[in-house]
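Each chain is listed here by its residues.
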Amino acid sequence: MDRRTALAALGGLAGATLAGCLEREAEDEPPEEEEENDDEGVLRVVAPEPFVRPEDGPGRWLAERFPEGREDAEITWISPETGLDYFLERARRDVPFGADVYLGLAASDVARAGQATSAVFRPLDRGSLTNDHRPRPRFSLADPHDRALAVLADYTCLLHDADANPPTSFGDLVESTYAETLVVPDARASAVGRSFLHWTVAEFGEDEAFTRWRELRDGGVRVEPTWSDAHDAYLADPDALLAGRASRRVTAGRAGEDPDRHRVAYPDDRGYARPTYVAIFDGTPRRELAHEFVDALLSNEVQAELVERTDRFPSVDPDELDLSDDVTAFADEPIESISLDYGDLVEAQEEWLEAWADAVGVGD
């Protein structure tokens with residue numbers, strides 16, 4: 001068994017193997033007591049299931065690459081079915097997290113962790129990092145506790161057919177000619193839908209944003225239950241506009257799909273930034289190794305490999321990376337990015353979801 005490529009799965013994740021090995025822990029709730037793993041060389045990293053899929057996720061490559069030159073080091077991947085909620089519940093019960101690093105956080109996740117009953121992530125020790133300056137300023141998170149760094153990024157945008165005429169201004173979306181063609185996934189169930197909601201709040205302000213959503217509702221906007229439903233509805237209508245991910249164009253291009261069916265539009269030349277953050281769990285006994293891992297994620301080699309394997313955008317300057325043509329040919333970034341203030345996410349994001357549901361007329 002290659003100790004460097006172990007995969008741990010929690011919370012009922014479908015079985016998988018990685019380099020012939022599988023460690024599995026299944027539980028409905030965090031236990032009341034759990035002893036910390038005292039193996040200093042085993043770094044327990046939380047990541048979404050697609051990241052650690054043996055067949056095409058970047059997790060296997062990273063688990064093999066990172067320990068090189070680090071004696072007895074290895075990575076154990078953890079993918080709880082309920083994601084961050086699993087660890088927020090542990091914080092509520094004051095149970096050890098059983099993990100060292102969380103890779104795959106959205107800005108709203110960091111904000112939610114900041115509202116937990118006890119600390120979930122610890123402030124970064126900048127003195128232990130050499131690459132912490134590399135993420136582009138547009139992806140910085142104004143977290144007063146300095147707990148997270150951007151590793152990858154995406155943008156919420158409008159996807160459209162090459163023959164369609166997308167709006168050049170975000171405000172134009174409420175015009176009837178656009179509202180009736182707009183397809184959005186439910187903000188309560190979809191990260192894309194939620195970020196599109198955040199985009200409207202960032203553009204218009206809280207009060208006006210929900211007035212605009214009511215106008216969109218009256219204009220015929222189509223709200224679909226999930227991202228997949230929204231994408232299917234979009235593909236069925238060549239005149240539709242889809243609130244989607246800019247990286248979807250990269251994925252389509254690499255999969256041999258018609259790239260003209262996934263053109264990217266950024267009204268006002270702005271897109272809503274959706275960085276993927278990494279943070280270190282509070283109380284980890286492996287602080288030094290955890291910081292080494294965070295630093296490695298921001299190196300040129302790892303950044304390029306992550307971009308190639310996830311179709312996302314790098315958090316560092318892409319001009320510094322050696323990327324394949326099938327990535328660069330379809331990677332469209334906006335001239336300017338927009339995002340919400342961290343403090344706003346902490347204070348109001350749950351209220352926004354309720355106000356959004358009321359504005360567009362969707363029930364539970």
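Rules and cut-offs
- Residues numbered from 1 in each chain as written.
- Predicted model: local features only at pLDDT ≥ 70, side-chain atom pairs only at ≥ 80, totals over all residues.
- Heavy atoms only, no water.
- Salt bridge = Lys/Arg side-chain N within 4 Å of Asp/Glu carboxyl O.
- Helix = DSSP H or I, 4+ residues; strand = E, 2+ residues; numbered from the N terminus.
- Buried < 20%, exposed > 50% of the residue type's maximum accessible area, 1.4 Å probe, protein only.
- Contact = heavy atoms within 4.5 Å.
- Expected span 1.5 Å × (residues − 1).
- Arc of directions from axis to C-beta.

This next bit is on the pattern of salt bridges. Tallying each qualifying case throughout the model produces 29 salt bridges. Across the pair Arg-60 and Glu-64 runs a salt bridge whose closest N-O atoms are separated by 3.5 Å. Here Glu-64 and Arg-60 lie together in helix α2 (residues 59-65), a separation of 4 residues that amounts to about one turn. Residues Arg-270 and Glu-203 are paired through a salt bridge, measuring 2.8 Å at the closest nitrogen-oxygen approach. Here the residue Arg-270 occupies a position in strand β11 (residues 270-280), and Glu-203 occupies one in helix α6 (residues 191-204), the gap between them amounting to 67 residues.

So, about the side chain of Arg-248. In this structure, Arg-248 sits in helix α9 (residues 247-254). According to the relative accessible area criterion, Arg-248 is buried, its value standing at 10%. Other than its neighbours up to four places away in sequence, Arg-248 contacts Leu-159, Trp-227, His-231, Glu-257 and His-262.

Turning our attention to helix α7 (residues 206-219). The end-to-end C-alpha distance of α7 is 20 Å, a good match for the 20 Å that 14 residues give at a rise of 1.5 Å each. Taken residue by residue, α7 has Ala-209, Phe-210, Arg-212, Trp-213 and Leu-216 as its buried positions. On an axial view of α7, the arc spanned by its buried residues comes to 155°, and they lie on one face. The exposed set on the far side of α7, more than 90 degrees from its buried face, consists of Asp-207 and Asp-218. Buried residues along α7 sit against α5 (176-179), β7 (182-185), α6 and α13 (342-360). Phi for Gly-220, located one or two positions after α7, is positive at around 105°.

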